[in-house]
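Summary of the model geometry
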Amino acid sequence: MNLTLDQVRAQIDENDSELLKVLRRRLELVKQVGVIKSREGTPVYVPERELSLIEKRRAQAENLGLNPDLAEDVLRRVMRESYGAENDVGFKCLNESVKKIVIIGGRGGIGRIFTRLFRSSGYTVEVMGHRDWDRAPEIMAGAGLVVVCVPIDCTAEVIGRLKGLLSSDCVLADFTSVKTSPVRQMMEVHEGPVIGLHPMFGPDISNMAKQVIISVDGRYPEKCSWVLEQMSLWGARIKKFSASEHDDAMSYIQALRHFTTFSYGVFLARENPDLNVLMELSSPIYRMELMMVGRLFAQDPVLYADIILSNKRNLDIIERYAEEITGAIRLLKQGDREAFIEQFRMTKEFFGPLADYFMSESKNLIAKMHDAKV
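Let me sum up the structure you'll find in this document. (Residues numbered from 1 in each chain as written. Predicted model: local features only at pLDDT ≥ 70, side-chain atom pairs only at ≥ 80, totals over all residues. Heavy atoms only, no water.)

1. A look at the overall build of the protein chain
Along the backbone of the protein chain there are 15 helices and seven strands. Across the 374 residues that make up the protein chain, the buried fraction comes to 37%. Relative to all contacts within the protein chain whose residues are 6 or more apart in sequence, the contacts with residues 24 or more apart total 70%. As displayed, the protein chain offers around 23,000 Å² of accessible surface, 56% of which is attributable to carbon and sulfur atoms. In the protein chain, the 49 positive side-chain charges and the 52 negative ones have mean positions that sit 3 Å from each other. (Helix = DSSP H or I, 4+ residues; strand = E, 2+ residues; numbered from the N terminus. Buried < 20%, exposed > 50% of the residue type's maximum accessible area, 1.4 Å probe, protein only. Contact = heavy atoms within 4.5 Å. Areas by Shrake-Rupley, 256 points an atom, 1.4 Å probe, with all protein chains shown as cover. Lys, Arg positive; Asp, Glu negative; His and termini not counted. Charge placed at Lys NZ, Arg CZ, Asp CG, Glu CD.)

Following this line, the structure appears as structure tokens:
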């Protein structure tokens, strides 16, 4: 009880040092798990195992007088690191009959991710760029899977150039963020198995665990199933939808969201406020929103232009959104407080229980943002 502050801090430092050693030992065990999973063909991400582990540790933390949320936060961060460590040992090859995979556009960000993962699963992968088309018959010969992973504006042209180059048992897939047109065109140029895929992540992910890949059936889905199973082994979550369902959802998830972020960023640029001052004075949630705007403008403008312009439905939705904003401004000009409150309540009813769920989830994100602020 008579220890000095420096002495207590020294003990804290010692405990922190021990904690790091424990984390190191855990990661070494995780690597052994990765070796076993690779040998047996077990997925990296098993939701039931993760949920069970977290529930047990929350209960243990409570018994020890610790905040269960603290235990879960630490454990989830450790588990994220663990998924990456499991990736280091590679994955089991689920279709050894496939002699070669060709990824057209494999030198791009997303292409590099899938090239690495297929190779770490034991497949021979050949990357094809725009300068390689004179060798296309040679490159495509013997391919069991060909993936079109190119910008939206040249997807149709690339798919068209594949006509007559693929064997009848080769799976043809695309990674485009629209699905109706590419899947239809792939089925027109290729008589074999066809599947549309949309990875719902960018090139900056550290591993595939929990990442969503949307799958759209084209032709002979049973002959394409090994592709989805292989991706599930990496830890991806496969979500199956029809092409029209996918494209309708993407109008809201991607096109409308990107457009509103773009518009907000352009407005700020024209207004020219001091961004450093905005960051300094912002709450964590606004800093997060501002970061998401900045994140958009740190990326390729061609990609976002193509996403927004890829589907006429996108423009229709954006125009309706603009009309909604105009109506909301009219309420403000009229000073119609009651109408504003009524629309607020109506929208809350639309979100239902998800409103409270989003509130809870956002609190966790806000806390992390606050912790990161110096």
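2. Brief notes about helix α9 (residues 243–271)
Over its 29 residues, α9 runs 40 Å from end to end, which matches the ideal 42 Å to within 8%, given 1.5 Å per residue. The sharpest bend along α9 measures roughly 40 degrees and falls at Met250. Asn272 occupies a position one or two residues after α9 and carries a positive phi of about 60 degrees. (Expected span 1.5 Å × (residues − 1). Bend = angle between axes of the 7 residues up to and from the residue.)

3. Details of the pairing of strand β5 (residues 194–199)
Along β5, six of the six residues are buried, which leaves the element largely enclosed by surrounding structure. In β5, alternate side chains face the same way, and those of Val194, Gly196 and His198 on one face and Ile195, Leu197 and Pro199 on the other are all buried. Pairing between strand β4 (residues 171–174) and β5: three bridges, direction parallel. For Leu172, the partnering residue across the bridge sits in β5 and is Val194. As a crossover connection, the stretch from β4 through helix α7 (residues 180–189) into β5 is right-handed. In terms of strand pairing, β5 meets strand β6 (residues 212–219) through six bridges, oriented antiparallel. Counterpart to His198 in the pairing with β6 is Ile214. (Pairing = 2+ DSSP bridges. Right-handed = clockwise from strand over helix to strand, strands pointing away.)

4. Some thoughts on the layout of surface pockets
Taken as a whole, the second largest pocket spans an internal volume of roughly 550 Å³. Along the wall of the second largest pocket there are 16 residues; nearest its centre are Leu19, Arg57, Ala71, Val74 and Leu75. The set of elements that each furnish at least two residues to the lining of the second largest pocket consists of α1 (5–40), α2 (47–63) and α3 (68–87). Looking at side-chain class alone, the lining of the second largest pocket contains twelve nonpolar, one polar and three charged residues. (1 Å grid on protein atoms, 1.4 Å probe; cavity = no way out; pocket = protein on both sides within 12 Å on 5 of 7 lines; lining within 4 Å. Points joined across faces, edges and corners; volume = space filled by probe spheres on them. Nonpolar A, V, L, I, M, F, W, Y, C, P; charged D, E, K, R; others polar.)

5. Observations regarding the packing of aromatic side chains
A full pass over the atoms with the stated rule returns twelve aromatic pairs. Judged by centre distance (6.3 Å) and plane angle (75 degrees), the ring pair of Phe351 and Phe358 falls under edge-to-face. Taking the relative accessible area as the measure of exposure, Phe358 reaches 42% and is therefore partly exposed. Grouped by ring-pair contacts, the aromatic residues Phe114, Phe118, Tyr123, Phe175, Phe201, Trp226 and Trp234 constitute a single cluster. (Phe/Tyr/Trp six-rings, centres within 6.5 Å; stacked < 30°, edge-to-face > 60°.)

6. Regarding helix α13 (residues 312–334)
Residues three or four positions apart in an α-helix share a direction because the helix packs 3.6 residues into each turn. For α13, with 23 residues, the first-to-last C-alpha span of 34 Å sits near the 33 Å given by 1.5 Å per residue. Residues of α13 that are buried include every one of Asn314, Ile317, Ile318, Gly327 and Leu331, and no others. Elements that come into contact with the buried residues of α13 comprise α9, α12 (301–309) and α14 (337–351). With a side-chain oxygen positioned 3.0 Å from the backbone nitrogen of Arg313, the residue opening α13 is Asn311. (Polar contact = N/O pair within 3.5 Å; in protein donor to acceptor, adjacent residues only side chain to side chain.)

7. Quick notes on the sheet that holds strand β7 (residues 237–240)
Judged by pairing direction, the sheet is mixed, and its seven strands sit side by side in the order β2-β1-β3-β4-β5-β6-β7 without closing on themselves. Every other strand in the sheet has two partners, leaving β2 (125–128) and β7 as the edge strands with one partner each. Here the average twist between neighbouring strands, direction ignored, is 25 degrees. With four bridges connecting them, strand β3 (residues 145–148) and β4 associate as parallel partners. Residue pairing in the sheet places Val146 in a bridge with Leu172 of β4. In the packing of helix α8 (residues 221–233) onto the sheet, the strands contacted are β1 (101–104), β3, β4, β5, β6 and β7, and the crossing angle to β5 comes to about 25 degrees. (Axes fitted to C-alpha atoms, helices over the stretch in contact; angles between N-to-C directions.)

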